[in-house]
Amino acid sequence: MAPLLHVDNLTIRFPRAEPVSNLSFEIAEGETLAIVGESGSGKSLTALALMQLLPRAAKVASGRIRFNGRDLLQLDAREMRRLRGSEIAMIFQEPMTSLNPVMTIGRQIAEVLKVHERLSGRAARKRAIELLELVRIPAPEKRVDDYPHQLSGGMRQRVMIAMAVACKPKLLIADEPTTALDVTIQAQVLDLLDTLRRELQMAVVLITHDLGVVSQWADKVVVMYAGRKVEQALPGDLFNDPLHPYTRGLLAASPRLKNDFHYRDGALTEIPGSIVSAAGEAGCPFRPRCDQARASCGQRVPQLTIPAPDRLVACPFTSSIKAVPHAAAFSL
Amino acid sequence: MSSTDIGTFHSVARTPYASSAEAEPPVTSNPADGPAWSNVKAPDARSQQSSTVTVTNGRRALKVFLSNPNALFGTSFLVFVIVIALLAPVLYPDDPLSMVGRPFLWPGQDSAFPLGTDSLGRDVLSGILHGSRISLFVGLTATALGLTFGVLVGSLAGYFGGWVDDVLVRLIEIFQTLPSFVLLVVLVAIAQPSATTVTLAIAVISWPTVARLTRAEFRAIREKDFVMAARSLGYGHARIIFREILPNALPPIIVTSSVMVATAILMESALSFMGLGDPNVVSWGSMIGTGRELVRTAWYLTALPGLAIVFTVLALNLIGDGLNDALNPRFSQDR
């Protein structure tokens with residue numbers, strides 16, 4: 001079966017930079033794909049490119065985005081507008097500011113239905129209440145007339161989700177949906193997304209920098225670094241046996257609660273340097289920060305290779321790195 | 001089972017959520033109380049929240065407005081003027097320009113003419129009452145026209161940016177570089193002076209201010225997350241402009257419009273004073289204009305309509321200040 005979404009060699013270019021280069025991935029219907037990477041790795045731009053909502057200065061320089069048999073890059077503005085919100089929807093990082101402060105949440109949800117499904121005011125309101133119930137907001141008949149400032153952060157994110165799933169989209173893009181929420185609410189919101197994914201048979205692109213989220217909710221993981229895919233794997237494989245030095249660094253840098261280890265007991269591992277280190281240089285973008293870097297890394301960007309079924313990695317030295325004793329420090 | 005670090009991390013993270021599936025406390029719905037959550041972990045939440053509260057909550061803004069004595073005085077005086085304007089044809093059904101008594105009666109000299117008569121024996125009180133009609137008509141209509149056009153131009157320029165913005169800003173600048181009152185005099189002199197042309201001319205010179213203000217607001221709000229969210233839901237430009245951005249841009253525009261009414265009244269008076277008003281209706285400015293030659297012998301002929309202008313304009317400015325305090329979150333925070 002053809003995948004629901006197929007991103008093929010997507011390159012996004014600003015006048016002076018190329019924040020996403022040659023990115024490819026696929027999502028099947030009903031699947032959750034996690035895109036992981038640190039700030040500036042091009043995750044959010046990729047999401048905006050899928051929605052065709054890139055900032056004015058950014059251009060898709062090459063590549064194709066095939067969604068449900070159509071190339072999104074070929075659609076005109078009107079067709080794309082019809083698709084947004086009805087077949088592809090997005091939820092954002094900041095529930096505090098992503099709702100219109102001067103409109104009740106009920107009217108904001110109803111607005112989506114009026115635009116895409118041409119519902120009347122009364123029917124839209126009824127559906128809005130049902131949707132609030134669907135996203136587990138207590139007493140939806142009362143809450144429907146609340147303004148966003150009367151709701152907590154978690155509730156607002158639920159409202160955002162209700163608006164996004166109002167027209168039963170086939171693809172939901174969640175751009176760091178829980179970063180602004182505290183941990184208990186985070187789990188609730190992600191659990192809700194997962195339930196909705198199954199109930200509505202949506203595919204979900206989950207953009208995050210939280211590896212914990214990935215391990216629990218993703219079917220497939222893409223690790224991005226400096227706009228490139230450096231590794232792709234099933235979550236279990238990724239956590240048990242990370243191949244790319246960057247993925248290893250990311251996992252090592254996650255706070256560990258094993259054996260009562262606390263960050264007061266010792267320094268957290270870090271990846272030295274920053275993502276801009278390699279800007280404008282040839283070769284592997286991770287080279288300046290990589291403790292395994294060799295002279296040949298500076299010559300050209302490593303190609304993605306297939307070290308095992310369902311896996312891709314953009315580092316030619318993964319097998320030799322494994323032998324290095326340093327890897328044992330990750331206690332995997 | 002391989003116990004990775006992340007796995008352990010997860011079992012810890014998972015426990016609380018399972019038990020507290022719907023444990024979010026209901027937020028108090030009393031708008032005056034503010035939110036129940038603490039701001040310890042998100043210090044910026046307070047400022048964000050307070051701005052939205054004051055913008056959204058009309059009732060709270062009204063309370064702040066009504067607790068301000070200046071604004072209250074301004075509003076009651078304006079209501080008083082409006083009532084007078086409405087009642088003028090009932091109280092004085094005759095033409096205020098007709099000669100009804102002996103000329104140069106001082107106020108209080110004759111109980112039939114409480115505010116006296118002018119050089120032609122016209123009733124001053126009747127003139128002031130009827131004059132309020134033209135002043136308010138010109139002030140309100142010119143403001144409404146200027147506001148409509150200014151908001152339209154400003155929102156298009158601010159929302160679309162790019163070449164649309166360039167063209168519209170040039171247009172605004174053309175009007176702003178001309179001295180506005182000179183332009184007004186020229187416009188009225190070219191057209192026949194009548195209440196309609198005066199109103200249109202005032203609207204023509206007052207819209208650029210609104211346009212600039214609206215453009216600035218739109219440029220700021222356009223970048224907000226909720227506008228991006230609206231675009232991600234497939235809304236068209238018109239819907240985003242009028243339903244999403246404009247309601248959020250309104251507070252400063254409302255404040256400006258109250259001052260615009262005052263300015264329009266002053267401009268109409270100035271035109272009438274110069275003899276460029278509608279000659280067939282009495283207005284406060286034209287009364288001052290005809291009385292100015294007699295200012296040394298019969299100063300009340302200029303002073304009385306002058307006071308009417310002063311108090312009306314003052315009332316409108318006080319309302320503008322009050323609205324600013326009520327709608328602007330930075331000032332209403334600690335009230």
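Calculation criteria
Numbering of residues starts from 1 in each chain and follows the order in which that chain's sequence is written. Each chain is given a letter, starting from A, and each ligand a number, starting from 1, according to the order in which they appear as written. Reporting in this predicted model follows two pLDDT cut-offs: at least 70 for local features of residues, and 80 or more for side-chain atom pairs to be given and counted; totals over whole chains, interfaces and linings ignore these cut-offs and use all residues. In this description a helix means any DSSP run of H or I spanning at least four residues, a strand means any run of E spanning at least two, and both kinds are numbered starting from the N terminus. Burial is judged by counting the other C-beta atoms within 10 Å of a residue's own C-beta: 20 or more makes it buried, 12 or fewer makes it exposed, and any count in between marks it as partly exposed, with every C-beta position built from the backbone. The contact rule is simple: place each C-beta atom from the backbone, and if two of them lie within 7 Å, those residues are in contact. Whether two strands pair comes down to DSSP finding at least two bridges between them. Structural elements are reduced to axes, namely lines fitted to C-alpha atoms, with helices fitted over the stretch in contact, and the angle between N-to-C directions of any two is expressed from 0 to 180 degrees. Here the angle decides the label: under 35 degrees means roughly parallel, over 145 means roughly antiparallel, 65 to 115 means roughly perpendicular, and every other value means oblique. Handedness of a helix crossing follows the sense of rotation of the near helix relative to the far helix, less than a right angle counterclockwise being left-handed and clockwise being right-handed. Only Asp, Glu, Lys and Arg are considered charged in this grouping, and only Ala, Val, Leu, Ile, Met, Phe, Trp, Tyr, Cys and Pro are considered nonpolar; every other residue, Gly among them, is considered polar. Joining buried Ala, Val, Leu, Ile, Met, Phe, Trp, Tyr and Cys residues through C-beta atoms within 7 Å gives a set, and that set is a nonpolar core. Domain segmentation is taken from an automatic or database assignment of domains. The predictor reports its confidence for every residue as pLDDT, a score running from 0 up to 100.

> Pulling in residues and values, what's your account of the overall build of chain B?
Along chain B, the regular secondary structure elements total 13 helices and zero strands. When the helices and strands of chain B are listed from N to C terminus, the series reads α-α-α-α-α-α-α-α-α-α-α-α-α. Counting across all 335 residues of chain B, residues that qualify as buried make up 41%. Contacts in chain B between residues far apart in sequence, at least 24 positions, make up 67% of those at least 6 positions apart.

> Residues and numbers for the overall build of chain A, please.
Counting its regular elements, chain A contains eleven helices and eleven strands. Taking all 332 residues of chain A together, 50% fall into the buried category. The long-range share in chain A, meaning contacts at least 24 apart out of those at least 6 apart in sequence, stands at 63%.

> I'd love a proper account of the sheet that holds strand β2 (residues 20–27) of chain A, names of residues and values included.
Residue and element names in this part refer to chain A. Pairing in this open sheet of four strands is antiparallel, and the strands run β2-β1-β4-β5 from one edge to the other. The sheet is open, and its two borders are formed by β2 and β5 (70–71), each paired with just one other strand. Here two bridges tie strand β4 (residues 59–67) to β5, and the two strands are oriented antiparallel to one another. Pairing of Arg66 across the sheet is with Asp71, part of β5.

> I'd like a description of the sheet that holds strand β11 (residues 312–313) of chain A, backed by residues and values.
All names here are of chain A. Overall, mixed pairing links the seven strands, which are arranged β6-β7-β8-β3-β9-β10-β11 in an open sheet. The sheet is open, and its two edges are formed by β6 (88–91) and β11, each paired on a single side. Examined bridge by bridge, strand β9 (residues 220–225) and strand β10 (residues 228–233) share five bridges and lie antiparallel to one another. Considered in β10, the bridge of Met224 is made with Lys229. Helix α6 (residues 153–165) contacts β6 and β7 (171–175) of the sheet and is inclined by roughly 170 degrees relative to β6.

> Go over the pairing of β10 of chain A with me, naming the residues and quoting the values.
Residue and element names in this part refer to chain A. Of all six residues in β10, six are buried; the element is thus mostly enclosed. Counting the residues that bridge the hairpin from β9 to β10 gives two residues, and of these Ala226 lies at a positive phi of roughly 50 degrees. Both β10 and β11 contribute to a ladder of two bridges, which runs antiparallel. Residue pairing across strands places Gln232 opposite Leu312, the latter belonging to β11.

> Tell me about the packing of helix α4 (residues 69–91) of chain B against helix α5 (residues 124–160) of chain B, and please be specific about residues and values.
All names here are of chain B. Put simply, α4 and α5 touch, their axes get as near as 8 Å, and they point 125 degrees apart. One finds that α4 runs oblique with respect to α5. Here α4 and α5 pass one another in a crossing that is left-handed. Side by side, α4 and α5 meet where Val81, Ile82, Ile84, Ala85, Ala88 and Leu91 of the first sit next to Leu129, His130, Ser132, Arg133 and Leu136 of the second. The residue makeup of the contact of α4 with α5, split by class, is eight nonpolar, two polar and one charged.

> Can you lay out unusual backbone geometry for me, pointing to particular residues and giving the numbers?
Residue and element names in this part refer to chain A. Phi angles above zero are rare outside glycine, and Asn22 is one such case at about 45 degrees. Among the residues examined, Asn22 registers 16 C-beta atoms within 10 Å and is labelled partly exposed. The phi dihedral of Gln52 falls on the positive side, at around 60 degrees, and the residue is not glycine. Tracing the sequence through the fold places Gln52 in the loop between α1 (43–51) and β4.

> Provide a residue-level description of the pairing of β2 of chain A, including the pertinent values.
Residues and elements named next belong to chain A. Summarising the sheet, strand β1 (residues 5–13) and β2 pair through five bridges and their orientation is antiparallel. Bridge pairing in β2 places His6 opposite Glu26. From the end of β1 to the start of β2, which pair antiparallel, there are six residues.

> With reference to specific residues and values, describe the environment of Ala180 of chain A.
The topology assignment puts Ala180 of chain A in the loop between β7 and α7 (183–200). Between the alpha carbons of Ala180 of chain A and Arg125 of chain A there is a distance of 28 Å; along the sequence they are 55 residues apart.

> How would you summarise the packing of helix α10 (residues 237–273) of chain B against helix α11 (residues 284–291) of chain B if you had to cite specific residues and measurements?
All names here are of chain B. At a closest axis distance of 7 Å, the pairing of α10 and α11 adopts a crossing angle of 35 degrees. Regarding α10 and α11, the two cross each other, and that crossing is right-handed. Contacts between α10 and α11 involve Glu268, Ser269, Ala270, Leu271, Ser272 and Phe273 on the former and, on the latter, Trp284, Gly285, Ser286, Ile288 and Gly289. Looking at the contact of α10 with α11, its residues break down into five nonpolar, five polar and one charged.

> How would you explain the nonpolar core if you had to name every residue and give the values?
Core analysis: the largest hydrophobic core is formed by 169 residues, its most contacted members being Ala162, Leu171, Ile173 and Val205 of chain A together with Ile202 of chain B. Among the elements that take part in this core, α10 of chain B stands out by supplying 13 residues, more than any other. The residues that make up this core include at least three from each of domain 1 (94–166) and domain 2 (244–330) of chain A.

> Just give me the short version of helix α10 (residues 245–253) of chain A, but keep the residues and values in it.
With respect to burial, α10 of chain A is a largely interior element, eight of its nine residues being buried. Among the residues making up α10 of chain A, those that are buried are Pro245, Tyr246, Thr247, Arg248, Gly249, Leu250, Leu251 and Ala252 of chain A.

> Provide a residue-level description of the confidence of the model for chain B, including the pertinent values.
Per-residue confidence for chain B gives a mean pLDDT of 82; residues scoring 70 or more make up 81%. Ignoring residues within four places in sequence, the model shows residues 1–56 of chain B, a span with pLDDT below 50, making 86 contacts including any to other chains.

> Break down the environment of Ile82 of chain B for me, with residues and values.
Structurally, Ile82 of chain B is set in helix α4. When the C-alpha atoms of Ile82 of chain B and Arg133 of chain B are compared, they prove to be 8.0 Å apart, with 51 residues separating the residues in sequence.

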